[in-house]
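# Commentary on secondary and tertiary structure
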Amino acid sequence: MQIGASTTVAITNAADFLRRQQRDWYVTVTRSSLERFVSLMVVPYLSIYTIALGASATQLGLVNSLGMGIAGLLSLLSGWLIDRIGTKKIYLIGITMLAFSYLTYGLATNWTIIIIAMMAYWLGFTTSIHGCATVCANSLANQDRATGMSLCETFAAGFLGMAGPMLGALLVTEFGGVN
């Protein structure tokens, strides 16, 4: 099998692009990709889990909408905080809130505890996404910014975004299905 000249140029350009990037970009891509993979493994089942813990469909929708609404309003604040406190600190706060959310979901014994998990998830997601975008933008050179951010989204949302739900479904099936 012979590699054509255009393929060789593309591989060389990709390798050059990856060599130019800072450590912060690699850390951010890895973190966001793993978070997306893990969250998409369980997200399809959170509604079922919450209802199994006693919530009605209306309560589930209300809590989810409330969480997204509060996160949307506070997202205005997260940009301001990034400028005042620093990107990495706010980014770490968002990641910590996501971890707290996942832990709370896992330890919930009734649906009212899910309210805390959902609020922490939406606040952590919004905060970490703003921190992630800022770290990405700050660590990529102007000529690499669009490529770097697109590569991150392609890997995290594309490849791992598809693999997460498939692995989640496989695990649910292996452990006896949804019950």
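Moving on, we get to the overall build of the protein chain. Assigned secondary structure in the protein chain consists of six helices and zero strands. Reading the secondary structure of the protein chain in the N-to-C direction produces α-α-α-α-α-α. Taking the principal axes of its C-alpha atoms as reference, the protein chain extends roughly 60 × 50 × 20 Å. Here the protein chain, with 179 residues, has 33% of them falling under the buried criterion. Within the protein chain, contacts between residues at least 6 apart in sequence are counted, and of these 78% link residues at least 24 apart. Taken as a whole, the protein chain presents about 10500 Å² of accessible surface, with 70% of it coming from carbon and sulfur. Within the protein chain, the 7 negative side-chain charges are centred at a point lying 8 Å from the centre of the 9 positive side-chain charges.

What follows concerns the packing of aromatic side chains. Taken as a whole and judged by the stated rule, the model has seven aromatic pairs. Between Trp-25 and Tyr-26 the ring centres are 5.2 Å apart and the planes differ by 70°, which places this aromatic pair in the edge-to-face class. Feature note: the residues Tyr-102, Tyr-121, Trp-122 and Phe-125 constitute an aromatic cluster, connected by ring pairs.

A few words on helix α3 (residues 57–85). Compared with an ideal rise of 1.5 Å per residue, which puts 29 residues at 42 Å, α3 spans 39 Å between its outermost C-alpha atoms and is within 8% of the ideal. At Ser-75, α3 is bent by approximately 35°, the largest bend along its length. Listed in full, the buried residues belonging to α3 are Leu-60, Val-63, Gly-67, Ala-71, Ser-75, Ser-78 and Ile-82. Each element contacted by the buried residues of α3 is listed here: α2 (23–52), α4 (87–107) and α5 (111–139). Immediately beyond the C-terminal end of α3, within one or two residues, lies Gly-86, with a positive phi of roughly 125°.

Counting through the fold element by element, Ser-32 comes out in helix α2. Each residue touching Ser-32, except ones within four places of it in the same chain, is listed here: Cys-132, Cys-152 and Ala-156.

Contact geometry for α2 and α4: axes closest at 12 Å, N-to-C directions at 25°. Taken as axis vectors, α2 and α4 run roughly parallel relative to one another. Along this stretch, α2 crosses α4, giving a crossing that reads as left-handed. On α4, the residues touching Asp-24, Thr-28, Arg-31, Glu-35, Ser-39, Leu-46 and Tyr-49 of α2 are Lys-88, Tyr-91, Ile-95, Leu-98, Tyr-102, Tyr-105 and Gly-106. Of the residues that constitute the contact of α2 with α4, the class distribution is seven nonpolar, three polar and four charged.

A few words on the packing of α3 against α5. One can describe the packing of α3 onto α5 by two numbers: an axis separation of 8 Å at closest approach and a directional angle of 30°. With respect to the hand of their crossing, α3 and α5 are arranged in right-handed fashion. When grouped by side-chain class, the residues that make up the contact of α3 with α5 number 14 nonpolar, nine polar and no charged.

Thresholds, definitions, all that
Residues numbered from 1 in each chain as written. Predicted model: local features only at pLDDT ≥ 70, side-chain atom pairs only at ≥ 80, totals over all residues. Heavy atoms only, no water. Helix = DSSP H or I, 4+ residues; strand = E, 2+ residues; numbered from the N terminus. Buried < 20%, exposed > 50% of the residue type's maximum accessible area, 1.4 Å probe, protein only. Contact = heavy atoms within 4.5 Å. Areas by Shrake-Rupley, 256 points an atom, 1.4 Å probe, with all protein chains shown as cover. Lys, Arg positive; Asp, Glu negative; His and termini not counted. Charge placed at Lys NZ, Arg CZ, Asp CG, Glu CD. Phe/Tyr/Trp six-rings, centres within 6.5 Å; stacked < 30°, edge-to-face > 60°. Expected span 1.5 Å × (residues − 1). Bend = angle between axes of the 7 residues up to and from the residue. Axes fitted to C-alpha atoms, helices over the stretch in contact; angles between N-to-C directions. Parallel < 35°, antiparallel > 145°, perpendicular 65-115°, else oblique. Left-handed = near helix turned anticlockwise from the far one by under 90°. Nonpolar A, V, L, I, M, F, W, Y, C, P; charged D, E, K, R; others polar.

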